[in-house]
Amino acid sequence: QKAERYLSNHEARLNLAIPPRCKESEWGDDTEVMIKLASGIIFVGGGTGTLIEFAHWAKINESRVAHSEPVIYGVPLADTGGLADMVYGNLRSLWQDKIACCLPAEPIRSGVAAAEFLLEHLKV
């Protein structure tokens with residue numbers, strides 16, 4: 001709800017205002033809903049908020065991989081800075097064996113290539 005004023009005016013938008021679970025609305029109220037609604041995600045750059053979303057995505061996928069359930073594919077867009085670049089570096093070593101199947105093996109540097117990866121893995 002805190003970010004409701006930033007919603008798009010576009011008629012095709014998915015207009016979801018996520019109420020807080022506890023106390024007042026803060027940034028990140030929407031993270032769990034946003035991640036669970038997605039079949040695939042492209043992470044572009046990113047700071048603290050994107051790191052939280054990525055961690056939530058990774059934790060969900062860790063469980064899904066362990067239980068042989070369908071995963072949510074993710075593509076960090078390389079050379080966009082922040083979290084997206086960190087994923088291809090040291091951050092990847094934290095969970096390489098657990099969720100590597102949810103990510104591209106090599107850095108992807110264009111939106112077209114990211115979309116192609118997702119379409120191929122989602123079998124769309």
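Whatever comes next refers back to the structure up there.
Scope of this entry: the structure provided in the associated data block.

Below, the discussion takes up unusual backbone geometry. You will see that serine 68, though not glycine, has its phi angle at about 55°, which is positive. Residue placement: serine 68 occurs in the loop between helix 2 (48-66) and strand 2 (73-77).

Once that is clear, we can look at the nonpolar core. Counting residues in each nonpolar core, the largest one holds 24 residues, and the members touching the most others are Ile41, Phe54, Trp57, Ile72, Val87 and Trp95. Breaking this core down by element, the ones donating at least two residues are strand 1 (40-44), helix 2, strand 2, helix 3 (82-87) and helix 5 (111-122). In terms of residue count, helix 2 provides more of this core than any other element does, four residues in total. Not counting chain neighbours up to four residues away, the residues in contact with isoleucine 41 comprise Ile35, Trp57, Ile72, Tyr73, Gly74, Val75 and Leu118.

Before going further, it helps to examine helix 5. The terminal C-alpha atoms of helix 5 lie 16 Å apart, and with 12 residues this matches the ideal 16 Å at 1.5 Å per residue to within 8%. Among the residues of helix 5, those classed as buried are Ala114, Phe117 and Leu118. Projected onto a plane normal to the axis of helix 5, the buried residues spread over an arc of 95° and lie on a single side. More than 90 degrees from the buried face of helix 5, the exposed residues found are Val112, Glu116 and Glu120. Looking at the buried residues of helix 5, the elements they touch are strand 1 and strand 2.

Per the stated rule, a full pass over the model turns up zero disulfides. Cysteine cysteine 101 shares no disulfide, and the gap to the nearest cysteine sulfur, in cysteine 102, comes to 4.0 Å. By relative accessible area, which is 46% here, cysteine 101 ends up partly exposed. You can call cysteine 102 buried: its relative accessible area is 0%.

Moving on to the packing of aromatic side chains. Two descriptors summarise a pair of aromatic rings, namely the distance from one centre to the other and the angle between the planes of the rings. All chains considered together, the criterion is met by four aromatic pairs. Here phenylalanine 43 and tryptophan 57 contribute two aromatic rings whose centre-to-centre distance is 5.7 Å and whose plane-to-plane angle is 70°, an arrangement assigned as edge-to-face. Of this pair, phenylalanine 43 sits in strand 1 while tryptophan 57 is found in helix 2, placing the two residues 14 residues apart along the sequence. Assigned by exposure class, phenylalanine 43 and tryptophan 57 land together as buried. The interplanar angle of 80° and the centroid separation of 6.3 Å between the aromatic rings of tyrosine 73 and phenylalanine 117 together place this pair among those described as edge-to-face. Linking tyrosine 73 in strand 2 with phenylalanine 117 in helix 5, this pair joins segments that are 44 residues apart in sequence.

Cut-offs used in this document
The residue count restarts for each chain, going from 1 along the sequence in the order it is written. A pLDDT threshold of at least 70 governs which residues receive local features in this predicted model, and a stricter bar of 80 or more applies before side-chain atom pairs are shown or counted, although totals over entire chains, interfaces and linings include all residues. For side-chain calculations, the full set of non-hydrogen atoms in the structure is used, while hydrogens and water are omitted. A run of H or I in DSSP counts as a helix once it spans at least four residues, and a run of E counts as a strand once it spans at least two, with each numbered from the N terminus. The criterion is simple. A nonpolar core is a set of buried Ala, Val, Leu, Ile, Met, Phe, Trp, Tyr and Cys residues joined through side-chain atoms within 4.5 Å. Three exposure classes are used, based on accessible area relative to the maximum for each residue type with a 1.4 Å probe and protein chains only: buried under 20%, partly exposed in between, and exposed over 50%. Here, two residues are considered to be in contact whenever any of their heavy atoms come within 4.5 Å of each other. Multiplying 1.5 Å by the residue count of a helix minus one yields the expected span of that helix. What the arc describes is the spread of directions from the helix axis to the C-beta atoms. Note on terminology: disulfide denotes any pair of cysteine sulfur atoms within 2.5 Å. Ring pairs shown here join Phe, Tyr and Trp side chains whose ring centres sit within 6.5 Å, with only the six-membered ring taken for Trp; geometry is labelled stacked below 30 degrees between planes, edge-to-face above 60, and tilted in between.

Spatial relationships are all this shows, so hold off on functional conclusions.
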